[in-house]
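Next come the chains, spelled out residue by residue.
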Amino acid sequence: MKTLVIAEKPSVAQDIVRALTPVSGKFEKHDEHFENDQYVVTSAVGHLVEIQAPEAFDVKRGKWSFAHLPVIPPYFDLKPVDKTKTRLNAVVRQAKRKDVGALVNACDAGREGELIFRLIEQYAGGAKPLGKPVKRLWLQSMTPQAIRDGFDSLRSDKQMQGLADAARSRSEADWLVGINGTRAMTAFNSRDGGFFLTTVGRVQTPTLAVMVEREEQIRKFISRDYWEVHATFLAEAGEYPAKWFDPAWKKDPEDGEKRADRVWSEREALAIAQAVRGKAATVTEESKPTTQASPLLFDLTSLQREANGKFGFSAKTTLALAQSLYERHKALTYPRTDSRALPEDYLPVVKQTFGMLADSGLRHLAPFARTALDEGYIKPSKRIFDNSKVSDHFAIIPTLQAPSGLSEAEQKLYDLVVRRFMAVFFPSAEYLVTTRISQAVGHSFKTEGKVLVRPGWLAIYGKEAADEVADAKEGDKGQSLVPVKPGEMVRAEVVEPKGLKTRPPARYSEATLLGAMEGAGKLVDDDELREAMQEKGLGTPATRAAIIEGLLNEKYILREGRELIPTAKAFQLMTLLRGLGVEELSKPELTGEWEYKLAQMEHGQLSRDAFMREIAAMTEHIVKKAKEYDRDTVPGDYATLSTPCPNCGGVVKENYRRYTCTGADGASDGCGFSFGKTPGARTFESAEVEQFLTNKRIGPLDGFRNKQTGWPFAAELVLKYSDEEKNWKLEFDFGKDEETGELVDFSGSEPLGKCPKCGAPVHEHRRSYVCEKAVPTAAQPTPSCDFKSGKIILQQPIERAQMSKLLATGKTDLLEQFISNKTRRPFKAFWAWDPNEGKVKFEFAPSKFPPRKTVSPKTGATNDRGTLGKAAKTLKSAAKPVKKVATKAAAAKPAAKTPRKRAASTAAGLKPSEALAAVIGPEAVARTQVIKKLWDYIKANGLQDAANKRAINADAKLLAVFGKPQVTMFELAGIAGKHLS
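Please read these numbers as outputs of a predicted model, since none were measured by experiment.

*Asks:* Could you give me a rundown of the overall build of the protein, with the residues and numbers involved?
*Replies:* Looking only at helices and strands, one finds 28 helices and 36 strands in the protein. Counting every position in the protein, which comprises 981 residues, the buried fraction comes to 46%. Taking as baseline every contact in the protein between residues at least 6 positions apart, the subset at least 24 positions apart corresponds to 65%.

Below, the structure written as structure tokens:
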């Protein structure tokens, strides 16, 4: 009987095969597994199976109603992950083989790795367990010897039961809280009609709460004026800057804005400046050497933070690039890691990696790798090699594979990892730090200088490290100071007060938010819970990017530049959770408590049943609070609008659900004017409300949802006066009555370009871009053109810049957020002018997988795959034994046409032009051989574009053939044909 080894990903399966080959024999490679006489080795690709409520307990219709909540199934069913069904079936086939008598769980050493295997095993068994004994391979290092040692000391299934229970419990608890919390909050917010999807989650909601809390601080922040006093002192050797400070200052626990170098009245600042200006000063200074070690190796979160800060990459982009460098280029180790250390047996691998880098074509980095090897920098260090700090995976480092063909973004990220990898082995940077105190007429001024004595690891970063010192601001650390002799008196040449304002805390960027998620345990008061969260934070490195993207997709936050800004929908959710008394959903303590109890479960100190009973009770509590809340509004910190009521001029105030007139005094029932805060399940931003009340129209806006289907749509909103109700009412305006016949005035409008139909200027008009001759104007009351294009097409906003590009070039850039009305799925397309049909329509990018052109065996003409398939069937039937009936049929058929003779030039070959001959040679050649030779040349010289494999970059020779710097593979045959005669 054979043993089936299931790894978490294909690269690990290959490592295991390489490690086992010397001790168990050569493996034969199959499509989906490796096999020898003792082992079958296969792999998942992450999670292949996910949990779901059983059919009998799942609610399909009316699931957003309190009547069907809470949903607490007695057990969970499994369903395949759609994207990886094929892989799951392949693994299950191996597990069910009759000659497979045992399984080895070789998934990653941690809770998620345990869960991935357990769910696959359960799914493979179906209604009854698979019934094959299981052992656990527990690896912290992927060296061949470490893998062999792991197989020599496999853990028993019983030893892993605690971890398996914790893994399942975490997964099921997340499902229960996420599903029931989301449905309960959505049901609460949809009570007044419509459908207002309100998602919550154990990680998502506390992350959002962190951002909302910061935004509340920013909104409530009141800036205060303060002054600093800056001076320039003249010594014999030259000038140096300094800043006034109070040596007796102590930190004020009540006011964090107070600092030693801040003066809180202009009069006092001027008095200091006047007292010191032109006066002599004594100088004392202290110089001491200091060192700065390199930062630790990257885990995923620190890599995402660094890439966001340096290059502006989003967390999602960084993860995708790192994954590509790992999977496709084999250039980085596994990126979804939370460890910043390496296994203790990895020193030889590190030396080999430095050797690869030293001999690589990375000219800007290779010399430093060579220096590290020659100087013996690579040696054991607990700061770098520490098994206790390696969990499922070790830190992200380069592999032994030197990459090629990287895109610009991939190269940037690879360089970032390689520099950090090398820097951690280099010596510390050495500085000389000088603190100089200049005292004149009782006032003290401080200057701090920092001189880089020996760069150490900073040398790897070159100019960036030098700039740290050279570009320092006056009065700050960083500058090199002119010397002052002992006992020398200096003079205050220039002394000026500088007026400044206190600033609110900065909004979160992805870099700082990732840091806040990672360090969320610091926000927890309870010591035990804080300790439990110390290693985890909110989410895992692998999920944090997806959490941020989820918040963006649900419109809880917006991305503006590098800032992440919570929306009105986010504030409304936090108000709701506080008002309902279920704030535990928004606090990291919930994660801390779970981590604490799951750790107890792993060690056998808490049963799975007890934990899940607590989760069920908590779920019931959340649903009950939402279901039984019976007050008209939810208490919260609500806004008062500056725009008056359009009906009576009274004060309009916000409450949980509506904006309502509260009369002239702001405290009465008002005139009855009000409108909902979330029309069509889209929450108004405060600035939008002010604009809406002022203009009585806003839009088009996207993000509304149909209350029957839940599908999103775009529309304008208008305030219309109702004669019946004697008041103003909010209505959707879908533009059906846009042709009002009123004259349109474009005098203040800047045209976007020329109409492709008649050449007249095109302007922005309400929800469309229109030719000025397509609407009635004073100059032309009767329209003569019909060109018009919407501002939002299938939920994809068409920005002004894109419309201008369409009018100038015929089409927009490739736009990625069109949503199909049929499938509700996003798709990419150009919005383009079609002169043949005389309208704007979709134009799709060429497929990555164009039909393969082949010569038909019957006609000699080129065919795509479908035609080739028919031809193959014809040949197959022709190969069957000939029957008598066929003879009659053949006699009835007309004689076959005589094949056309090929042109003499084609038979003898075609002569290439001088430019083409420089690439493929001057000999006459068949057309098909021309393309083959061109491709050989392109591949040999690495001219396929790294970012888009369908594009070919021209070198000096090909530029003469192509006539432009880049062509697509689809243009190649046509271009080559022009160079043949």
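*Asks:* Help me get a handle on the pairing of strand β32 (residues 839-843), residues and values and all.
*Replies:* Bridge analysis of strand β31 (residues 826-834) against β32 gives five bridges, and the strand direction is antiparallel. In the sheet register, Asp 834 faces β32, and the bridge partner there is Lys 839. Hairpin connection from β31 to β32: four residues lie between these consecutive antiparallel strands, with Gly 838 at a positive phi of about 70 degrees.

*Asks:* An account of unusual backbone geometry is needed here, citing residue identities and associated values.
*Replies:* Look at the link from Leu 69 to Pro 70: it is a cis peptide, with omega at 0 degrees. Of note, Pro 70 is situated in the loop between β5 (49-52) and β6 (77-80). We note that Lys 330 has phi near 55 degrees; this positive angle belongs to a residue other than glycine. Inspection of the secondary structure puts Lys 330 in the loop between α9 (315-327) and α10 (347-358).

*Asks:* Explain the pattern of salt bridges residue by residue, including any values.
*Replies:* The final tally for this structure, using the stated rule, is 54 salt bridges. Of the charged contacts, one joins Glu 837 and Lys 839 as a salt bridge, the two residues approaching to 3.6 Å between their closest N and O atoms. For Lys 839, a relative accessible area of 43% gives the class partly exposed. Three or more residues are tied together by salt bridges with common partners; here these are Lys 2, Glu 35, Arg 97 and Asp 99.

*Asks:* Tell me about the sheet that holds strand β2 (residues 28-29), and name the residues and values.
*Replies:* In space, the seven strands of this open sheet follow the order β2-β3-β4-β1-β7-β8-β9, with mixed pairing throughout. Edge positions in the sheet fall to β2 and β9 (155-156), since each of these pairs with one other strand and no more. Note that strand β3 (residues 34-35) and strand β4 (residues 39-43) share two bridges and pair antiparallel. Opposite Phe 34, over in β4, you have Val 41 as the bridge partner. Across the sheet, helix α3 (residues 111-125) lies against β1 (2-7), β7 (100-106) and β8 (134-136), angled at about 155 degrees from β7, the strand it touches most.

*Asks:* Any details on the pairing of β7? Residues and values, ideally.
*Replies:* Within β7, six of the seven residues are buried, leaving the element largely enclosed by the surrounding structure. For β1 and β7, the ladder comprises six bridges, and the chain directions are parallel. Bridged to Ile 6 within β7 is Asn 105. Where β7 meets β8, three bridges bridge the pair, whose relative direction is parallel. Counted as the bridge partner of Asn 105 is Arg 136 from β8. Read as a crossover between parallel neighbours, the route from β7 over α3 to β8 is right-handed.

*Asks:* Which residues make up the packing of helix α5 (residues 161-189) against helix α19 (residues 608-628), and what are the values?
*Replies:* Interaxial distance between α5 and α19 falls to 9 Å at its minimum, and their mutual angle equals 5 degrees. Taken together, the axis directions place α5 and α19 in an arrangement best described as roughly parallel. Here Asp 165, Arg 168, Ser 169, Glu 172, Ala 173, Leu 176, Val 177, Asn 180, Gly 181, Ala 184, Met 185 and Phe 188 of α5 lie close against α19, whose contacting residues are Arg 608, Phe 611, Met 612, Ile 615, Met 618, Thr 619, Ile 622, Val 623 and Ala 626. Of the residues that constitute the contact of α5 with α19, the class distribution is 13 nonpolar, four polar and four charged.

*Asks:* Break down the packing of aromatic side chains for me, citing the residues and quoting the values.
*Replies:* In total, this model carries 33 aromatic pairs according to the counting rule given. Geometrically, the ring pair formed by Tyr 721 and Trp 728 is edge-to-face, given 5.5 Å between the ring centres and 70 degrees between the ring planes. Assessed through its relative accessible area of 39%, Tyr 721 is described here as partly exposed. Aromatic side chains Phe 818 and Phe 827 sit 5.5 Å apart centroid to centroid with 20 degrees between the ring planes, which places their arrangement in the stacked category. Residue Phe 818 is classed as buried on the basis of its relative accessible area, which comes to 0%. Through pairs of rings, three or more aromatic residues link up here, namely Tyr 659, Phe 673, Phe 675, Phe 684 and Phe 692. A cation over a ring is seen here: Arg 219 above Phe 571, with NZ or CZ 4.1 Å from the ring centre. The residue whose ring lies beneath Arg 420 is Phe 298, and the NZ or CZ to ring-centre distance is 4.0 Å.

*Asks:* Give me the nonpolar core: which residues, what numbers.
*Replies:* Grouped together as the largest cluster of nonpolar side chains are 139 residues, with contacts concentrated most on Met 185, Leu 208, Leu 342 and Tyr 414. Per element, the largest residue contribution to this core is ten residues, and it comes from α5. Among all residues touching Met 185, those that are not within four sequence positions of it are Thr 198, Val 200, Leu 576, Leu 577, Leu 580, Val 582, Ile 622 and Ala 626. In terms of nonpolar packing, the next biggest core, distinct from the first, is built from 21 residues, Ala 242, Val 263, Ala 273 and Ala 281 among them.

Definitions and cut-offs
- Residues numbered from 1 in each chain as written.
- Predicted model: local features only at pLDDT ≥ 70, side-chain atom pairs only at ≥ 80, totals over all residues.
- Heavy atoms only, no water.
- Helix = DSSP H or I, 4+ residues; strand = E, 2+ residues; numbered from the N terminus.
- Buried < 20%, exposed > 50% of the residue type's maximum accessible area, 1.4 Å probe, protein only.
- Contact = heavy atoms within 4.5 Å.
- Pairing = 2+ DSSP bridges.
- Salt bridge = Lys/Arg side-chain N within 4 Å of Asp/Glu carboxyl O.
- Axes fitted to C-alpha atoms, helices over the stretch in contact; angles between N-to-C directions.
- Right-handed = clockwise from strand over helix to strand, strands pointing away.
- Parallel < 35°, antiparallel > 145°, perpendicular 65-115°, else oblique.
- Nonpolar A, V, L, I, M, F, W, Y, C, P; charged D, E, K, R; others polar.
- Phe/Tyr/Trp six-rings, centres within 6.5 Å; stacked < 30°, edge-to-face > 60°.
- Lys NZ or Arg CZ within 6 Å of the ring centre and 35° of its normal.
- Core = buried A, V, L, I, M, F, W, Y, C linked by side-chain atoms within 4.5 Å.

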